[in-house]
Amino acid sequence: MIRMYIKTMFRNLWKNKTFSFINIMGLSVGLTSCLLIAVYIKQQLDFDAFQEKGNRIARVLMEYSFEGSTVSNKGNYTSVRVPLVLKNNFPEVEDAVILAQTKRIVQTGANLITENRFMYAGTSFFKMFSFKMLKGDAGTALAAPFQVLLTASTAKKYFGHTDPVGKTLRLTGDSNLYRVTGVVADCPAASQIQFDFLASFSSLGISKEHEESYWDANYTTYVLLRNREALTTLQAKLPAFMKEEMEGKHATVNFDLEPFRKVHLYSGYDAFLPNVPIRYIYILAGVAALILVIACFTYINLSTARSAERAKEVGIRKVAGANKGQLFWQFIGESALLCFIAVFVGMAAGALLLPAFSRLIGQPVAVASLFSLPILGVAAGIILLVSFTAGCYPALVLSAFQPVKVLKGAFKHAGQGQRLRRALIIFQFIISVFLIVSTCIIQQQLYYIRHKKLGYDREHIVKLPIPFTVENTDLIKSEFKQDAGVLQVARTNNTPVNMVSGYNMRTPDMPENAQIAVTANPIDNEVLPAIGLQLAAGANLTEQDIIDANGNGGANERLYHFILNESAARQLGWTPQEAIGKKMFLDESRPGYVRGVVKDFNFQSLQHSIKPIVLFSSTYGGTLLIKISGAHMPQTIAFLQSKWKQLMPDRPFEYRFLDDEYNDLYENELRFGKLMNVFAAIAIFLACAGLFGLSVYTAQQRIKEIGVRKVLGAATGSIIFLLSRDFIKLALIASMIAFPFAWWFMRSWLQHYEYRIAMSGWVFAAAALATLLIALVTVSVQATRAALSNPVKALRSE
Amino acid sequence: MIKITNLEKIYRTEEVETVALNDLSFEVRDGEFVAVMGPSGCGKSTLLNILGLLDDPDAGSFLFNGVEVAKFNERKRADMRKKNIGFVFQSFNLIDELTVFENVELPLMYAGVKKSERKARVDEVLEKVQIMHRRNHFPQQLSGGQQQRVAVARAVVNKPKLILADEPTGNLDSSNGNEVMQMLTDLNEAGTTIVMVTHSEHDARYSHRIIRMLDGHTVTENILV
Ligand SMILES: Nc1ncnc2c1ncn2[C@@H]1O[C@H](COP(=O)(O)OP(=O)(O)OP(=O)(O)O)[C@@H](O)[C@H]1O
Ligand SMILES: [Mg+2]
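For every chain, the first residue of the written sequence is number 1, and numbering continues from 1 onward in sequence order. All chains are assigned letters beginning at A, and all ligands numbers beginning at 1, according to the order in which they are written. Owing to the predicted nature of the model, reporting of local features is limited to residues with pLDDT of at least 70; listing and counting of side-chain atom pairs is limited to 80 or more, with chain, interface and lining totals taken over all residues. Side-chain measures here rest on the full set of heavy atoms in the structure, leaving out hydrogens and waters.

A.B. asks: How should I be thinking about the site of ligand 1 in this particular structure?
C.D. replies: Nearness is judged by heavy atoms alone; a residue qualifies as near a molecule or strand once a single heavy atom is within 4 Å of it. Around ligand 1 lies a shell of 13 residues, among which B:Ser40, B:Gly41, B:Lys44, B:Ser45 and B:Thr46 are the nearest. Ligand 1 sits at a junction of chains, with neighbouring residues supplied by chains A and B. Polar contact criterion, stated in full: a pair of N or O atoms within 3.5 Å, where within protein one must be able to donate a hydrogen and the other to accept it, and residues adjacent in sequence count only if both atoms are side-chain atoms. At 3.0 Å from an oxygen atom of ligand 1 is found a main-chain nitrogen or oxygen belonging to B:Gly43. At 2.7 Å, a side-chain N or O of B:Ser45 approaches an oxygen atom of ligand 1. Protein contact buries 69% of the 630 Å² of open area that ligand 1 shows by itself. Labels follow the DSSP assignment, with helices taken as runs of H or I lasting at least four residues and strands as runs of E lasting at least two, numbered in each case from the N terminus. Put simply, the parts of the chain that give the shell around ligand 1 at least two residues each are β2 (17–28) and α1 (44–51) of chain B. When residues of the shell around ligand 1 are assigned to their parent elements, the largest contribution, 3 residues, is made by α1(B). With residues, only the protein chains shown are counted as cover, and all accessible areas are computed by Shrake-Rupley using a 1.4 Å probe.

Right, dumping it as structure tokens:
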């Protein structure tokens, strides 16, 4: 019996190739998308799952504000005191570890290799985290200064196949050699802690007195709790404890404990790689569901539309003794089989597309993860769900046909189910319009972010890291400027893309303990012209200001000059004009005078509003910003490189363009935008395929009517219109329904940006028009073919 | 075998009510071959559908082998139908996606007959209707006469006690039509009761008795034998 069903089905599939193809392709594409999204979501949900003690670990966030200030700061940084204090004072804490990731330059022979993922870790690292030791002893590997563990890839990179244990590495700027004490497996991709090198924290040589202070907060602390519940109890004890700790220090400091497993998806503060906001997971899951719904609806539509053809078969089977139940299961079985084929195709396509998908999401995904149990479970669930939901309605309709009616031949037009089919088409259009509008607005916002006037220029600016305290800056500058393409050479610490260092400031009128927290950054006299900051009042720093900031080489007291932004001036109680020449303190240790006030500019991601910032005169800073003319860029870069080799032989020449760095800031957003593009395109494509199938069917069904009309003299155009009219009406209704949803959804998405576009009506109009056009083209292809066909043929075929 | 009394069937659409069968009564005995004749629209097909348990009457009684089936629900009707009745239609009504063999096999499958037995019985009837050599063809590859022979084979494969035929020769030329009529006569002689609707006086003469209908009820009954 089952064999016969399967046979009938395959013959049916073959006979109606167009429909079968659309159905199987639709379901396959839908499934492939769903499976890939499922793989991605699973990877995100399983982030850090390999950490055996993960649910007892918490990350410590620091929150602080100064007395009298309403501004409070929070971040994923702590001082070296934090792990000590937590471990020694709270029974809830079993262990704590401090981590610092830096960039180091490794020297191998004549080569200088910049290593960005150089991690310093406290001795408890392996007691807390489950990274696999391949060689060496986890207990002692980080016990003494200048010990370093390599990941397997790093070991291979530096030592090939020879055993690296016991070998040494020279790092630029460190007189001590680092001794390799072991090899660990590469960090899993789904890990918030990422490193290529893992060195003992003691190598940093941080002095004992830092253990007394909370202020040198440049490190990340993780604590291991005795049990999961300890997090709440410990959190509750912290405010009182910290209040005592900060007694008489004119500031409040508190710590927030974040469950380790929640950092990646839920924290506002990145770990050692960018977080993924949970809302992206929800949105992608939603898109996957929508894609599946579209594929299912297409299936339902085509199956019920074709039911007239199947009706005869149903009638005969019933006359031959089949009961309703048997027929119901036959049709359910058919859709299950179809789904099964689609899952098969979908899995294969998924495996093939995985590398491309992995590039799209910017994360490695193993093919094995596609065939892992949960994903196979999802696939099985989808087969069941789709074959039931999509198969159920056609099966019910078909199995209920009365043989009396269908066998007489009266049952020619599938008028039945017309309303449902329309509803489903409207729904598909709604989804399409919704996705078109959403992706358009997302793309607009991303474009806006990338092209917004930030108050500074980021075009044609080369960013070149240099040692923080290098002496020969003036020489470098003048050598670089020999090339006509080099317009400015400025020295700063942070680039304007992301200025983050926290300082405090006050005016002489304010009491010493009433500090205002402020972002600040050391600059020289060329920064303003190089990045094109606009003065609102006063002047740029002078060369003399920079010399004074250095205390004339230590001969005099250091004298600072400041460039404030408008917000900082306002916060200190001045208009830009009033501020000029005023005395102020930056971190008590830097007394000085305001030289100029620049217009507010965005020195952080556009998710944040502009805050006060102080740019202060300084001879140090870890970055050169080189403004070049766009004319001969490759030559200019080559020139810079050759000069660099002469002047800084022990430093690699690793430049970046400032706008690339800026785009990195929005890596997640841009990636998300791309994902949305791809999946929205897929959804729209699927909706069109369904529509196309239905229009093929409508045209086929009305072929006789078309023939008669043509014989009677109807023009081709009027027939196309006749066949397309319905679909166009549906597209318009759908647009009207989709608009408010899209508007609401996009409004809440835009809310995450301090700087955002206003949604304009034309996006909606364009989306409706696009949908209409797509529908029209899809339908009219078929309508035109039908209209142009020879009526004699159509009439004879009846 | 069949006894109907005061049978009534009314089709209701939004605008009109059509009385298709009106106070119809007659009887068909075991082993009889009855032809039903009458002008188009007089209710012949409606009657056959009710006799075949494909449809239910609005009023009246229908005794099938002494069992009142007029009020049977769909499931019971299907069960009764599958065990007792075979159908032959004017438009042969074969499933296009199934081969000749599979089409004929269908009733046996729904009756739950074992595979080996199915094969034997299908081959037997295909032999009888002389279509054995075409057993693996699809319906479209056959002529009208051949298709109708397959349809007859399918109707009899389950050894029904009653065969209902609605204009079985309507789509056939006279020689093919005669062949089919001969097959029905043979079946009748082997003991199967047959009720056949026809427009052809020629075909009607193969039967024992002609029931003439007009506007939903019988006008005359001619006994031929
Ligand atoms: N499903 C239906 N809905 C409404 N009226 C119907 C339906 N089926 C049949 N009728 C009406 O019932 C009457 C009897 O129809 P029936 O098909 O039984 O006629 P018939 O005698 O078989 O005609 P013919 O010789 O043309 O096949 C006709 O008037 C027909 O219009
Ligand atoms: Mg009829």
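A.B. asks: When you look at the UniProt feature "transmembrane region" (unreviewed entry) in chain A in this model, what are you seeing that I'm missing?
C.D. replies: Residues and elements named next belong to chain A. UniProt positions are given in the numbering used here, feature names are shortened, and annotations may be inferred rather than shown by experiment. UniProt feature "transmembrane region" (unreviewed entry): in the numbering of this structure it lies at residues 21–41, 280–302, 327–354, 374–401, 422–444, 678–699, 730–750 and 762–783. Regarding residues 280–302, the helix share stands at 100% and the strand share at 0%, and the terminal C-alpha atoms are separated by 33 Å. This span, residues 762–783, is 100% helix and 0% strand, and a straight line between its end C-alpha atoms measures 30 Å.

A.B. asks: Would you mind showing me how to read the state of the cysteines here?
C.D. replies: Here a disulfide denotes one covalent bond, and it connects the sulfur atoms of two cysteines. All names here are of chain A. Disulfide: a pair of cysteine sulfur atoms within 2.5 Å of each other. Scanning all chains against the criterion turns up 0 disulfides over all chains. Here Cys34 is not cross-linked by a disulfide; its sulfur's nearest cysteine counterpart is in Cys296, at 8.9 Å. The thiol sulfur of Cys339 is not disulfide-bonded, and the nearest other cysteine sulfur, from Cys296, lies at 7.0 Å. Burial classification: accessible surface area is computed with a 1.4 Å probe over protein chains only, and a residue below 20% of its type maximum counts as buried, one above 50% as exposed, and the rest as partly exposed. Judged by its relative accessible area of 3%, Cys339 falls in the buried class.

A.B. asks: Would you take a moment to explain the nonpolar core for this structure?
C.D. replies: Note that soluble globular proteins tend to have their nonpolar side chains buried in a common cluster. Among buried residues, the Ala, Val, Leu, Ile, Met, Phe, Trp, Tyr and Cys ones that are joined through side-chain atoms within 4.5 Å form a nonpolar core. By size, the foremost hydrophobic cluster in this structure holds 129 residues, and its most contacted members are A:Phe357, A:Val437, A:Phe679 and A:Trp749. In this description, contact between two residues means that some pair of their heavy atoms is separated by no more than 4.5 Å. In this structure, A:Phe357 is in contact with A:Leu36, A:Ile37, A:Tyr40, A:Leu675 and A:Phe679, ignoring residues within four places of it in sequence. With 36 residues, the next largest nonpolar core counts B:Phe92, B:Ile131, B:Val180 and B:Met181 among its residues.

A.B. asks: Looking at this structure, I do not really get the domain arrangement of chain A. What am I missing?
C.D. replies: Think of interface size as the accessible area that goes away when the parts come together; that is how it is often given. Residue and element names in this part refer to chain A. Along its sequence, chain A is organised into domain 1 (1–46 + 275–416), domain 2 (54–266), domain 3 (417–452 + 669–798) and domain 4 (467–650). For the domains described, the bounds stem from an automatic or database domain assignment. A separation of 50 Å is found between the C-alpha centroids of domain 1 and domain 2. With 10 residues of domain 1 in contact, the opposing surface of domain 2 contributes 7 residues. Both sides of the domain 1 and domain 2 interface together cover about 770 Å² of buried area, and 51% of this is carbon and sulfur. Sorting the residues of domain 1 by area buried against domain 2 places Gln44, Asn275 and Ile278 first, and these three jointly supply 48% of that buried surface. Salt bridges are defined by distance alone: a side-chain nitrogen of Lys or Arg within 4 Å of a carboxyl oxygen of Asp or Glu. At the boundary of domain 1 with domain 2, the tally comes to 0 salt bridges. On inspection of domain 1 and its partner domain 2, the count reaches 5 residue pairs in polar contact (both at pLDDT 80 or more). Contributing elements (two or more residues each) for the side of domain 1 that touches domain 2: α2 (17–45) and α8 (278–305). Looking at the side of domain 1 that touches domain 2 element by element, the count peaks at 3 residues for α2. Summed over both partners, the accessible surface that disappears when two parts come together, traced with a 1.4 Å probe, is what is meant by buried area.

A.B. asks: When you look at a nonpolar patch on the surface in this model, what are you seeing that I'm missing?
C.D. replies: Here the term patch refers to residues with relative accessible area over 30% and no salt bridge, with like charges joined within 9 Å and nonpolar side chains (Val, Leu, Ile, Met, Phe, Trp, Tyr) within 5 Å. On the surface, a cluster of nonpolar side chains totalling about 380 Å² of accessible area is made up of A:Val367, A:Phe371, A:Leu373 and A:Leu376. Secondary-structure assignment places A:Leu373 in helix α12 (residues 373–399).

A.B. asks: How do you make sense of the pattern of salt bridges when you look at a structure like this?
C.D. replies: When the charged atoms of two side chains with opposite charge come close together, those side chains can pair. All names here are of chain A. Under the criterion given, the structure shown has 39 salt bridges over all chains. Among the salt bridges present, the one from Glu212 reaches Arg81, with a minimum N-O distance of 3.9 Å. Pair noted here: Glu212 is in the loop between β9 (197–200) and β10 (220–225) and Arg81 is in helix α3 (residues 81–89), with a separation of 131 residues, a long-range link. Note that Lys87 and Asp95 form a salt bridge whose closest N and O atoms lie 2.9 Å from each other. Here Lys87 falls in the partly exposed class, since its relative accessible area comes to 37%. On the accessibility criterion, Asp95 (6% relative accessible area) is buried. Each of the salt bridges in this network shares a partner with another, and the network as a whole consists of Lys477, Lys481, Asp524 and Glu526.

A.B. asks: I tried to follow the sheet that holds strand β6 (residues 85–88) of chain B on my own but got confused; where do I start?
C.D. replies: Two modes of strand pairing occur in sheets, parallel and antiparallel, and in both the strands are linked by backbone hydrogen bonds. Residues and elements named next belong to chain B. Being paired, for any two strands, means DSSP has found at least two bridges between them. Reading across the sheet, the 6 strands line up as β6-β7-β8-β3-β9-β10 and stay open at both edges, with mixed pairing between neighbours. The open sheet terminates on both sides in strands that have one partner only, identified here as β6 and β10 (217–223). Between one strand axis and the next, the sheet turns by 20 degrees as a mean value, whatever way the strands run. Pairing geometry for β6 and strand β7 (residues 162–166), over 4 bridges, is parallel. Paired with Phe87 across the bridge in β7 is Leu164. All axes here are fitted lines through C-alpha atoms, helices being fitted over the stretch that makes contact, and every angle between N-to-C directions spans 0 to 180 degrees. With respect to the sheet, helix α5 (residues 144–156) is in contact with β6 and β7, its orientation differing from that of β6 by roughly 170 degrees. Contacts from helix α6 (residues 174–189) reach β3 (33–37), β7 and β8 (193–197) within the one sheet, and its direction differs from that of β8 by about 150 degrees.

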